[in-house]
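# Summary of structural features
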Amino acid sequence: MSAMLEIRDLRATVEDKEILKGISLSVNPGEVHAIMGPNGSGKSTLASVLSGRQDYEVTGGQVLYKGIDLLELSPEDRAREGVFVAFQYPVEIPGVSTANFLKTAVNEVRKHRGLNALDAMEFLKVMKQRASLVEMDPAFFSRSLNEGFSGGEKKRNEIFQMAMLEPSLSILDETDSGLDIDALKIVSHGVNSLKSKDNATIVITHYQRLLDYIIPDVVHVLVKGKIVMSGPKELALELEAKGYDWVKEEATA
Amino acid sequence: MTALKQSIAEYYERSEAALNGLRNTGWHHTRRDAFTHFSSVDFPTQRDEEWKYVNLSAVVKNSYAASVESTLQRNDIPAFIDTTELNVLVFVNGRFKSEWSSLIDTNVQALSLHAAYGEHAVVIDQHVGRYLSAENNAFVAANAACLEDGVFISVAANQTVEHELLILNVMDAREQATMVQPRHLLVLDHHASVKVIMRTQTIGSQPSLCNQVCECVVGNSAQLHCVLVQDDVTNATMINTMHMEQDAASRTEIVSTTLSGSLVRNTVSTRLAESAAEAHMLGVYCVGGSTVVDNHTVMDHATPHCHSNELFKGIVDGSAHAVFNGKIFVRQDAQKTLAYQSNRNVVLSDTASVNTKPQLEIFADDVKCSHGCTVGKLDDEALFYLRARGIGEAQARALLLCAFAEEVTASIGLESLRSWIDAKIEAQLLQRSAENAAQHMDHKGVASR
């Protein structure tokens, strides 16, 4: 079985400071990988580099997604090819309604995949069905994208968008941050119901609690821009109990 | 003397000779007095504070033909919104075109100002020139000196005119440089209500000049909604001077939409003459090429408890230049005034420019006034967010900018007009973005060789 995502010795800098110092990671279809690590370890930089954000300069290594060079693609082409990043801080966009935005996005992605554009009725039906996965009120459809949404509503909206765009690879960047326990359950339920043997998920988080609900197959520990340890889901519990210091020590030992 | 001034003086003389029955009327006196004023002033230059950013030299150096018979046919005029549900008044080269005009509402007097002068002479003499004086204003003076035609709208008390009234000014500039000087007068009695759309369209590639003057008398509790559609060819100049004189509890809303043309200057003023009146001035300009758009507004709060609101939003690309100057006067008596003003601009190219200037003069002490202006670029974070969901860059830009403009166009009451303008803005943005991308590729190509 060939990996869906193959990251080889990835290095990246922001403003000339090296943040990612050689990350290697392989994710197969059907798998859930968790990337944990202390603040400043490079977790969000990894998500940003994979999403195509331009503030980061890739200085070495390679990222193959379904065998193609992901880093060569524009952000929109990555999304069209099926890579979805749920952002830590979704942007508020006044004047662009959630419905209009999603309709444009979904139809662009469908066009890229050789599918017909959905008409207004079909689209509304799909929207309602997917919104229910994250218990999102359809009243949000006509509101400006993320504008005035609470932290929890923004995160639910990210997972709702993920449900609409049907990605192969989803990267959740600190999706748990700012969520209370109820919202965490709703978001996790959404993510879990979208899981299949054909798609893969990377969960980036600081805390273990999200992994109670989204069960990872593999847990990676990122420290100072490198993966210093990988293990089964129990590793997350150990990190929760002992903190990150022992990993750092083992890594330097 | 500039060629424009010469053209106007000649036209004045010629039309004076043909006045016939109007010789001893107020109409004639208005013209004659205005011509005296016109003779004593020059067209403004950039030394004039009110015209600081607008170079009129290319406009005034032309000679223009006025009120020439045109052979234009109806199908020569580019498509606009469906007009079957509208009251329509069409002028070609300044002359009323009755066979292209039609009214569907029966509770409004809407006709050519010239034709109205018989029956409505008293009202016309009473108001024309009263609010927009020809003194010290070359364009208003030129318009009044050549007073010939325009629209007279009169709505009786308590009457609501159901359908929009479209005033379409067509200029035939196929053969020669052409000038029109429409003069409109709107008189709304108390509790009357009317919605007006004004559009100017040049046909042909010779220079055109539309020097339009419009006075609106808005009675107690009356309502006026007016949309200006300024989407003309690249050789067209529009000088538009408008004034609203508002009685108690009246409400006006003027929405200007400027999409193209060589030069568009709007000088729009409102005097809130009696208490509890409300005035909204909104504008959106989405321009590229070398278009110059200049919005000068005056909100004159003369009495207490009035409310004014201004929102002007601009998208400026290419080598276009946008100017906004918003004056708010709050007179000493005008306590409890609420006045808001905002001008927001997105500049899309290094060669585009914006000059914006709020100007508040407040003489009362118990008022709420605020103003703000911004000139910035498109939000990169928002752009990235849309792209990260699969929306291509050009489309993502258009989506964000259309949303930016829609805050203004949302006030356009007529749905078909609102979507027509929104669609025009979107099409322009997509086209410019495609052109910019092509240019960018050219530069890259040159650089790599």
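See the structure above.
Residues numbered from 1 in each chain as written. Chains lettered and ligands numbered in written order. Predicted model: local features only at pLDDT ≥ 70, side-chain atom pairs only at ≥ 80, totals over all residues.

## Some points on the overall build of chain B
Within chain B, the regular secondary structure consists of eight helices and 21 strands. The C-alpha atoms of chain B give a radius of gyration of 22 Å, which matches the 22 Å a tight globule of 449 residues would have. The principal-axis extents of the C-alpha atoms in chain B amount to approximately 75 × 55 × 45 Å. Within the span of chain B, comprising 449 residues, buried residues form 51% of the whole. Counting only contacts in chain B whose residues sit at least 6 apart along the sequence, the fraction spanning at least 24 positions is 83%. (Helix = DSSP H or I, 4+ residues; strand = E, 2+ residues; numbered from the N terminus. Rg over C-alpha atoms; globule rule 2.2 N^0.38 Å. Buried ≥ 20, exposed ≤ 12 C-beta atoms within 10 Å, placed from the backbone. Contact = placed C-beta atoms within 7 Å.)

## A short note on the environment of S51 of chain A
Residues and elements named next belong to chain A. Within the secondary structure, S51 sits in helix α1 (residues 43–51). Taking the C-beta count within 10 Å as the criterion, S51 has 23 such neighbours and is therefore assigned buried. Remark: the alpha-carbon pair of S51 and L73, spanning 22 residues in sequence, is separated by 9.7 Å.

## Some details on helix α6 (residues 380–387) of chain B
Of all the eight residues making up α6 of chain B, six are buried; the element is thus mostly covered by neighbouring parts of the structure. Regarding α6 of chain B, the residues found buried are A382, L383, F384, Y385, L386 and R387 of chain B. Lining the buried residues of α6 of chain B we find α2 (75–80) and β7 (93–97) of chain A together with α7 (393–409) of chain B.

## Re the sheet that holds strand β4 (residues 57–65) of chain A
All names here are of chain A. The four strands are arranged β2-β1-β4-β5 in an open sheet whose pairing can be described as antiparallel. Taken across any chain shown, the strands that pair with only one partner, and hence form the sheet edges, are β2 (17–27) and β5 (68–69). Strand direction decides the pairing type here: strand β1 (residues 5–14) and β2, joined by eight bridges, are antiparallel. Paired with T13 across the strands is E18, a residue of β2. Against the sheet, α1 touches β1, β2 and β4, its axis set at about 75° to β2. (Pairing = 2+ DSSP bridges. Axes fitted to C-alpha atoms, helices over the stretch in contact; angles between N-to-C directions.)

## Some points on the packing of helix α5 (residues 151–165) of chain A against helix α6 (residues 181–193) of chain A
Residue and element names in this part refer to chain A. Running from amino to carboxyl end, α5 crosses α6 at an angle of 5°, the nearest separation of the two axes being 10 Å. The angle between α5 and α6 places the two elements in the roughly parallel class. Here G152, K155, R156, I159 and A163 of α5 lie close against α6, whose contacting residues are A183, I186, V187, G190 and V191. (Parallel < 35°, antiparallel > 145°, perpendicular 65-115°, else oblique.)

## A closer look at unusual backbone geometry
Residue and element names in this part refer to chain A. Notably, E15 is not glycine yet its phi reads approximately 45°, a positive angle. If you trace the backbone, E15 turns up in the loop between β1 and β2. On the basis of neighbour count, E15 is assigned to the exposed category, with 8 C-beta atoms found within 10 Å. At K224, a position not held by glycine, the phi torsion is positive, near 45°. Structurally, the position occupied by K224 is in the loop between β11 (218–223) and β12 (226–231). In this structure K224 comes out as partly exposed when scored by C-beta crowding, with 17 C-beta atoms within 10 Å.

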